[in-house]
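Residues per chain are reported as follows:
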Amino acid sequence: MKKHERYEQVMNEMIRQEKEISPDPWLHSRVMARLSKPESVPAGWLPVILKPALAAASLLLVLWLGIQTGSSWKQEQGSAAVVLENDYHAEHFSFYTQAENE
Amino acid sequence: MDELIIIQEILAGEQDKYALLVKKYTDPVFRLVMGFVHQQQDAEDITQEVFIRAYHALGRFEQRASFSTWLFRIAINQSQTYIKRKKRRAAWEKTLAFFGAASPAGSVTAMLDEKEEYRVVREALNQLPLRQQQAFILSKYQEMSQREIAGLMHLTEGAVEQLLMRAKSRLRDYFEKKSPEP
């Protein structure tokens, strides 16, 4: 027997055996059960566009919130500087040496 | 009942009628898929997926070919997608095993259990170019004539004959290489 003929015999036998295998007799029930579930509906074009759009919108929202937070913090710093300026006059030595303040 | 009438009724909303088509074509689709994957459980999962996809694509069935031809095309695409995914997974597992991150024990056990010769035959079939593999499996597993294969694959009968001859030649060469020296 030629070298490849043995494998060809094995191949034919394997094909014969595999053709005799029967699938699960209730496979049609499994198919129909899956089709009756809502999630069996495959993703259409809307979710394909919606997901990246939602991701982009979330990113923009986070950026906007960050900018708003930073802007409000600067305003608070401005009012604190006015208080410091007043403190300077109270701590200046000349304030205590002026005769009219005694 | 005529298949086209059943399909029209399904598209009109009678989903239950689809079970008639599923029952009729489960065996031939399963047999075709087995030719690609050679594992019963995987073939059942893919067969189920074929019918799910066919149902949702039923509105696009243009009736230029028979329903069975259209269904077999979906089955071939799904089977070959599965094979590509399996090859990628096997390559990834080999990489992990190389770095000691994963043990290939599962695959080694499977290899020990099955006959070496059957493994060689499956490898031989999987290494065929896609179109040769399709033609060969349709011929051997579905016992389709060259004319039927030509219709399914959008080829001439002469082209199918060429594909089958090249497939057989390629398989022979593969077996020659794998056969031990006398």
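Refer to the structure presented above.
A few points on the structure. Computed from a predicted structure; not experimentally measured. (Residues numbered from 1 in each chain as written. Chains lettered and ligands numbered in written order. Predicted model: local features only at pLDDT ≥ 70, side-chain atom pairs only at ≥ 80, totals over all residues. Heavy atoms only, no water.)

Some words on the nonpolar core
- Of all hydrophobic cores here, the largest spans 66 residues; its most connected members are Y18, V29, F67 and F175 of chain B.
- In terms of residue count, the dominant contributor to this core is helix α2 (residues 18-37) of chain B (twelve residues).
- Excluding residues within four positions of it along the chain, F175 of chain B makes contact with H4, Y7, E8 and M11 of chain A together with V120, V121 and A124 of chain B. (Core = buried A, V, L, I, M, F, W, Y, C linked by side-chain atoms within 4.5 Å. Buried < 20%, exposed > 50% of the residue type's maximum accessible area, 1.4 Å probe, protein only. Helix = DSSP H or I, 4+ residues; strand = E, 2+ residues; numbered from the N terminus. Contact = heavy atoms within 4.5 Å.)

Considerations on the interface of chain A and chain B
- With 29 residues of chain A in contact, the opposing surface of chain B contributes 40 residues.
- Summing the contributions of chain A and of chain B, the shared interface buries around 3400 Å²; its carbon and sulfur component is 65%.
- Along the contact surface separating chain A from chain B lie six salt bridges.
- A salt bridge links E117 of chain B to R6 of chain A, with the shortest nitrogen-to-oxygen separation between them at 3.1 Å.
- On the surface where chain A and chain B come into contact, there are twelve residue pairs in polar contact (both at pLDDT 80 or more).
- When contributions to the side of chain A that touches chain B are tallied by element, the ones reaching two or more residues are α1 (3-20) and α2 (27-36) of chain A.
- The greatest single-element share of the side of chain A that touches chain B, amounting to 14 residues, is contributed by α1 of chain A. (Buried area = accessible area lost by both parts, 1.4 Å probe. Salt bridge = Lys/Arg side-chain N within 4 Å of Asp/Glu carboxyl O. Polar contact = N/O pair within 3.5 Å; in protein donor to acceptor, adjacent residues only side chain to side chain.)

Considering the pattern of salt bridges
- Taken as a whole and judged by the stated rule, the model has 16 salt bridges over all chains.
- Between R16 of chain A and E20 of chain A there is a salt bridge, and its shortest N-O distance comes to 2.8 Å. Residue R16 of chain A and its partner E20 of chain A are both found in helix α1; the two are separated by four residues, about one turn of the helix.
- Note on R16 of chain A: relative accessible area 40%, which makes it partly exposed.
- When the shortest N-O distance is used, the salt bridge between E44 of chain B and R30 of chain A registers 3.9 Å.

Things to note about the environment of A91 of chain B
- Inspection of the secondary structure puts A91 of chain B in helix α4 (residues 67-98).
- For A91 of chain B and L20 of chain B, which are 71 residues apart along the polypeptide, the C-alpha to C-alpha distance reads 40 Å.

Notes on a positive patch on the surface
- Taken together, the side chains of K84, R85, K86, R88 and R89 of chain B make up a positively charged region of the molecular surface.
- With respect to the helices, strands and loops of the structure, R89 of chain B is situated in helix α4. (Patch = residues over 30% accessible without salt bridge, like charges linked within 9 Å, V, L, I, M, F, W, Y side chains within 5 Å. Areas by Shrake-Rupley, 256 points an atom, 1.4 Å probe, with all protein chains shown as cover. Lys, Arg positive; Asp, Glu negative; His and termini not counted. Charge placed at Lys NZ, Arg CZ, Asp CG, Glu CD.)

A short note on unusual backbone geometry
Residue and element names in this part refer to chain B.
- In this structure, H38 is a non-glycine residue whose phi angle is positive, near 60°.
- The backbone phi angle of E143 is positive, close to 55°, even though this residue is not glycine.
- Inspection of the secondary structure puts E143 in the loop between α7 (130-140) and α8 (146-153).

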